[in-house]
Amino acid sequence: MKKILVLNGPNINMLGIREKNVYGTATYTDLCDMIRKKADELHIEVEIKQSNSEGQLVDWIQECYGTVDGIVMNPGAYTHYSVAVLDALKSVSLPAVEVHISNIHQREEFRHHCVTTAGCTGQICGLGLKGYLLALEFLAGK
């Protein structure tokens, strides 16, 4: 059975509370429930983690080496400047899909530049929480 790690960066735990006009009203718990249900449908094992700490995210990515088959990651704000997250993704050489709930390319200019994406197989943005499910489908088929 394939094992996928779903990593969420800063403020993703505040879904349903922060900027509802951008991120919607579904909560982080709702998101986790959706992911687990999809994983069951795909017959894959999924582990979901969230941290507001860049170092913690790097540690979790490094722990993936030899233990998981792929990573779904929403690095949050770290997308735009974290070379540490990028280097961690590159170091484990796993298929990874970067997910953003909003279309970051239609938002503020600073969000248009994505540092971490270079360590990923692909990026899904602007499709709401469904982006996570599409990323799982992709990695399940890898």
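Bear in mind that the values here come from a model prediction, so they are computed numbers and not experimental data.

Colleague: Please provide a residue-by-residue account of the pairing of strand 3 (residues 70-74), values included.
Modeller: The buried count for strand 3 comes to five of five residues, which makes it a mostly enclosed element. Sheet topology note: the strand 3/strand 4 (residues 96-100) ladder contains three bridges and is parallel. For Ile71, the partnering residue across the bridge sits in strand 4 and is Ala96. On the question of chirality, the crossover connecting strand 3 to the parallel strand 4 by way of helix 4 (residues 83-92) is right-handed.

Colleague: Describe the state of the cysteines, listing the residues and the values that go with them.
Modeller: What is meant by a disulfide is a covalent connection between two cysteines, made through their sulfur atoms. Taken as a whole, this structure holds zero disulfides when the rule is applied. Cys64 supplies the cysteine sulfur nearest to Cys32, a cysteine that is in no disulfide, at a spacing of 16 Å. The class for Cys32 is buried, based on a relative accessible area of 6%. Here Cys125 is not cross-linked by a disulfide; its sulfur's nearest cysteine counterpart is in Cys114, at 7.5 Å.

The rules behind the values
Residues numbered from 1 in each chain as written. Predicted model: local features only at pLDDT ≥ 70, side-chain atom pairs only at ≥ 80, totals over all residues. Heavy atoms only, no water. Buried < 20%, exposed > 50% of the residue type's maximum accessible area, 1.4 Å probe, protein only. Helix = DSSP H or I, 4+ residues; strand = E, 2+ residues; numbered from the N terminus. Pairing = 2+ DSSP bridges. Right-handed = clockwise from strand over helix to strand, strands pointing away. Disulfide = S-S within 2.5 Å.

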